[in-house]
Amino acid sequence: MTTTVTGKDPGETIQKWTAELRHEKRFRCTFQVEDADARNVTTTQTLITDLLSGNHVDEEIQVDRRDVHVSHIDPGSCHKDTHESFWGVYKWPITEVQMTKTMICEKNHGSRASRKCELDGVTEKAKWAKPNLKACKPVITISELDKVTVTANNSADVVDMIKNLLGDEGDLSDSQVATVVQKLDEVLWVSTVTPQLGGDIVNIIADILVSNSDLSAVANEILGITDSIGDQMDFPEESLNVTVPSLALSLINVDPEQFQGLTFGVSSFSTGLDPETFVNQTFLRRPCDGTVASISLPQSLHNFFPQGNKKKRVQFHFYGIQELFKETMKDGLLISKESLQQMYSSSVLKFYDHSQDPAINWTLNSYVVSASVNNSNVSNLRDPVVVTLRHLKPKEKNDKVECVYWDFQKNDGSGGWDSSGCETLPTTSAYQTTCQCYHLTHFGVLLDVSRTPISEADQEILTVISYLGCGVSSIFLGISLLTYVVFEKLRSDYPSKILINLSVALLGLNLVFLLDSWLSSFGSYGLCISTAATLHYFLLASFTWMGLEAVHMYFALVKVFNVYVPFYIHKFCALGWGIPLVIVCLVLAIEKEAYGSVLSEASLDSLQGSEPFCWIQSNVFFYVTVVSFVLLVLVFNVVVFIVVLVQIRHMQTNKPATTGNKHCAMHDLRAVASLTFLLGLTWPIAFFTWGPARVPMLYLFSVLNSLQGFFIFVFHCLIKENVRKQWRIHLCCGRFRLNDYSDWSRSMTMGSKTKQNQLVHRSPSVKSVNTSSRKISDDSTTASCSSGTPYQQGA
């Protein structure tokens, strides 16, 4: 315990010190006393010992004289010190301990700075306290702020300086507003946000909001700062409220086991005054009469609280200012109600209530209220979030009222209004509107390299495409597997066995992806981790088998040799299924919380599905175990693909008889498309989902890769002559039934060489390519395209 008590009488001072510890049974104190009367050392020691010994505080504290030890301290003095800050350079002279020096402020000479030379209670030596520069003005201007480097040591000074500068500057220009907002964001990035620091930043934001400055260009950044304050604020209490004129934050640390819903509201508010807020620990579908704004969170929200030891916090915001939500594309304004989305990288949705006359644009008609859960992506709630807003002006008879949300990605990232995804209840009256929201995940989430949000409309369309594509692929992958497993003649060579394993991996990937949202909706921590780990495993397994396809193709076509490889397919299986298993097990062993229903704090925000989705939530593990692994496989596959095409071109050059054959050209084109899907060469599209091309590339990525299983069925079942023959032999009847005639027997005889020839070719001749186990040419066209183009999967 550290306590400072001052008084003229040393006895009175010591009595006050000991009174602080009156409720302890036994304690030990060490403290320093300065004798202002300058008695000699022995006299002072005796006096202190006498004062401490005996009974104190109505005999509640007893001190034995033998337990009192008094020693003389020689703290010395504070040395010369030069202190440089945003308020100027101050050179402090040698000063005796417990003395305070003053100096004239560098910028405003009529005021003075002060600094005390105090006694260090631990080292018992003199040391300088922090200078008191509150009366001084900064020596730099707001326009020069961009030259300031914000660090953890000077972040509090930067905030103080901005407060002083705003008081002197008045309304800010666009560039000055952008500079201030940027520096506040940098402060939050490097600092531990204490209630004092958070409160100071909120005050600065409030000052900016009530100024006449144009805030449209920095609206998203300001909203992001207030969200970050709520997420990062460090306080031990159950709740904390921060209210300043036109702005209020309410932060609640919740217990998931005791959570029964939450309702936040503003009971009264006048422009320029602090809002009066309330929080109810239950879900209220209808607010109290007279409430300016309220938002009620259902009990089912507890399923979305962060798992493990991460803090569970709900934060509410109220914005009593309209200028923050201007949309540059419209003349009118709307007012927002923030949906429950992750508050990172401007990835929240806000809902608005507005009135419209048919002849004019939308106009602002309520204040802003918002809610969020830290480190969580909340959507698809079983029960709705209910938001009620009082109209600023009564609704007229012909006015239309509609709930919409603030889309941070509209207008080139400046933000704007969107009417999709929010429902206006029929209980809307002339004086208030009530809205409710239930808030889908697209296939691109598995390899979304940029991890940045897209609009809700695109999100929903991509989700539909992904689920339809994965569903179709699952069906046709199942048909492919049944075909190759049931008909033994089709799986007699290595290429077919590799294809079977790849199909199993892709089928697992598609099925787990389709079931992911449903499984995550149960809110089970263990089930979500298992789902995410399984999805991760099948994604890695799919790419591993695509890579092994390329390896086998390289061995069979390019690196032609006569070496027998024992247990060839067994080794492939060990690699194809073992490598992903090792990676997933390492992630679980190092940090199992890398998996979860939300993304990592640096990124997560970034992906906003409107359904809960179990996947990798740590950006570090995502980029290391997914992006880097996939990139490595794809680079290898692209290289092999190019080498194969060069080899094929070389073979065709040596057989000019086929040059110009249109049938062979179509066969070659079909084979190239076949290899493209077989080697996963459509997946690199994920690495181009940046900037303006992000959304179109995500559509292309979702269509091609969700349908990868379907394309494998088309190229390696539907249009393969050998597969169709087996279907006709075993599945058809009547005139469609085909007998097991000699053409099939001859084809299989040519494809069933010894084990030495199943992997390798004896020579790079066209004939050997056609008769190897990787019968890369299509049986249906070998007769007519005698070059035997060696790059289409065969059976």
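See above for the structure.
For clarity, every value in this text was computed on a predicted model and none was experimentally measured.

### Describing the overall build of the protein chain
(1) Moving on: Helix and strand content of the protein chain: 20 helices and 26 strands.
(2) Moving on: Here the protein chain, with 795 residues, has 53% of them falling under the buried criterion.
(3) Moving on: For the protein chain, the accessible surface area stands at approximately 36,300 Å², while carbon and sulfur atoms represent 56% of it.

### What about the state of the cysteines?
(1) Moving on: According to the stated counting rule, one finds three disulfides in the structure shown.
(2) Moving on: Disulfide pairing is shown between Cys 528 and Cys 614; the S-S distance is 2.0 Å. Here the S-S torsion is close to -120°, and the disulfide linking Cys 528 with Cys 614 is therefore left-handed. Residue Cys 528 is found in helix 10 (residues 525–558), and its partner Cys 614 is found in the loop between strand 25 (595–596) and strand 26 (615–616); the two are separated by 86 residues along the sequence.
(3) Moving on: Owing to a relative accessible area of 7%, Cys 528 belongs among the buried residues under this scheme.
(4) Moving on: Given the relative accessible area of 0%, Cys 614 is considered buried.

### Description of the environment of Asp 227
(1) Moving on: On the secondary structure map, Asp 227 appears in helix 6 (residues 219–232).
(2) Moving on: Linking Asp 227 and Gln 315, residues 88 residues apart in sequence, is a C-alpha distance of 8.2 Å.

### Examining the pattern of salt bridges
(1) Moving on: Per the stated rule, a full pass over the model turns up eight salt bridges.
(2) Moving on: A salt bridge links Asp 50 to Arg 65; the nearest nitrogen and oxygen atoms lie 2.7 Å apart. Here Arg 65 lies in the loop between strand 2 (61–63) and strand 3 (77–78) and Asp 50 lies in helix 2 (residues 41–52), a separation of 15 residues in the sequence.
(3) Moving on: Residue class for Arg 65 comes out partly exposed when judged on its relative accessible area of 44%.
(4) Moving on: Ionic pairing is found between Lys 163 and Asp 200, a salt bridge with its closest N-O pair at 3.5 Å. Highlighted residues: Lys 163 in helix 3 (residues 155–169) and Asp 200 in helix 5 (residues 195–209), separated in sequence by 37 residues.
(5) Moving on: Residue classification places Lys 163 among the partly exposed positions, given a relative accessible area of 35%.

### Concerning unusual backbone geometry
(1) Moving on: Of note, Glu 124 is a non-glycine position whose phi angle comes to about 60°, a positive value.
(2) Moving on: If you trace the backbone, Glu 124 turns up in the loop between strand 8 (112–119) and strand 9 (126–128).
(3) Moving on: Here the phi dihedral of Phe 567 falls at roughly 50°; this positive angle occurs in a residue that is not glycine.
(4) Moving on: Topologically, Phe 567 is positioned in the loop between helix 10 and helix 11 (568–591).

### Focus on the pairing of strand 11 (residues 247–253)
(1) Moving on: The buried count for strand 11 comes to six of seven residues, which makes it a mostly enclosed element.
(2) Moving on: Relative to strand 11, strand 10 (residues 239–244) is paired through six bridges, and the arrangement is antiparallel. Each residue of the ladder has a partner; that of Thr 243, found in strand 11, is Ala 248.
(3) Moving on: Remark: two residues form the turn of the hairpin made by strand 10 and strand 11, two consecutive strands paired antiparallel; Ser 246 in that turn has positive phi of roughly 70°.
(4) Moving on: Bridging between strand 11 and strand 15 (residues 313–319) involves seven bridges; their strand directions are antiparallel. Counted as the bridge partner of Ile 252 is Val 314 from strand 15.

### Quick word on a nonpolar patch on the surface
(1) Moving on: A cluster of nonpolar side chains, namely Tyr 554, Leu 631, Val 635, Val 639 and Val 643, defines an oily patch on the protein surface of about 370 Å² accessible area.
(2) Moving on: In terms of residue count, helix 12 (residues 619–653) provides more of the nonpolar patch than any other element does, four residues in total.
(3) Moving on: Tracing the sequence through the fold places Tyr 554 in helix 10.

### A few points about the nonpolar core
(1) Moving on: Within the largest apolar cluster, 79 residues are counted, with the highest numbers of intra-cluster contacts made by Phe 543, Trp 545, Tyr 595 and Trp 615.
(2) Moving on: In terms of residue count, the dominant contributor to this core is helix 10 (17 residues).
(3) Moving on: Formed by 60 residues, the second largest nonpolar core is a distinct cluster that contains Leu 133, Val 202, Val 218 and Leu 240.

### Describing the sheet that holds strand 9
(1) Moving on: The strand order across the open sheet built from three strands is 7-8-9, with neighbouring strands paired in antiparallel fashion. The sheet terminates laterally at strand 7 (99–104) and strand 9, the two strands that pair on one side only. Along the sheet, successive strands turn relative to each other by an average axial angle of 25°, direction set aside.
(2) Moving on: Note that strand 7 and strand 8 share six bridges and pair antiparallel. Each bridged residue has a counterpart across the sheet, and for Thr 102 the counterpart in strand 8 is Ser 114.

### Section: the side chain of Ser 706
(1) Moving on: Along the polypeptide, Ser 706 turns up in helix 14 (residues 694–706).
(2) Moving on: Accessibility expressed as a relative area gives 1% for Ser 706, which makes it buried.
(3) Moving on: Among the polar contacts made by the side chain of Ser 706, one reaches the main-chain carbonyl oxygen of Ser 702 at a distance of 2.4 Å.
(4) Moving on: Within polar-contact distance, the side chain of Ser 706 engages the backbone oxygen of Val 703 at 3.5 Å.

### Some points on helix 15 (residues 708–718)
(1) Moving on: With eight of its 11 residues buried, helix 15 lies for the most part within the structure.
(2) Moving on: All buried positions along helix 15 are accounted for by Gln 708, Gly 709, Ile 712, Phe 713, Val 714, Phe 715, His 716 and Cys 717.

### Topic: the side chain of His 716
(1) Moving on: If you trace the backbone, His 716 turns up in helix 15.
(2) Moving on: Among the polar contacts listed, one links the side chain of His 716 to the side chain of Ser 674, at a separation of 3.0 Å.

### Structural notes on the packing of helix 4 (residues 174–190) against helix 5
When two helices pack together, their arrangement is given by the angle between the helix axes and by the axis-to-axis distance.
(1) Moving on: For the pair helix 4 and helix 5, the least separation of the axes is 12 Å and the interaxial angle reads 165°. Comparing the axis directions of helix 4 and helix 5 gives the class roughly antiparallel. Between helix 4 and helix 5 lies a crossing of left-handed hand. Here helix 4 contributes Val 180, Leu 184, Val 187 and Leu 188 to the contact with helix 5, which in turn contributes Leu 197, Ile 201, Ile 204, Ile 205 and Ile 208.
(2) Moving on: Counted by class, the contact of helix 4 with helix 5 contains nine nonpolar, no polar and no charged residues.

Conventions used here
- Residues numbered from 1 in each chain as written.
- Predicted model: local features only at pLDDT ≥ 70, side-chain atom pairs only at ≥ 80, totals over all residues.
- Heavy atoms only, no water.
- Helix = DSSP H or I, 4+ residues; strand = E, 2+ residues; numbered from the N terminus.
- Buried < 20%, exposed > 50% of the residue type's maximum accessible area, 1.4 Å probe, protein only.
- Areas by Shrake-Rupley, 256 points an atom, 1.4 Å probe, with all protein chains shown as cover.
- Disulfide = S-S within 2.5 Å.
- Salt bridge = Lys/Arg side-chain N within 4 Å of Asp/Glu carboxyl O.
- Pairing = 2+ DSSP bridges.
- Patch = residues over 30% accessible without salt bridge, like charges linked within 9 Å, V, L, I, M, F, W, Y side chains within 5 Å.
- Core = buried A, V, L, I, M, F, W, Y, C linked by side-chain atoms within 4.5 Å.
- Axes fitted to C-alpha atoms, helices over the stretch in contact; angles between N-to-C directions.
- Polar contact = N/O pair within 3.5 Å; in protein donor to acceptor, adjacent residues only side chain to side chain.
- Parallel < 35°, antiparallel > 145°, perpendicular 65-115°, else oblique.
- Left-handed = near helix turned anticlockwise from the far one by under 90°.
- Contact = heavy atoms within 4.5 Å.
- Nonpolar A, V, L, I, M, F, W, Y, C, P; charged D, E, K, R; others polar.

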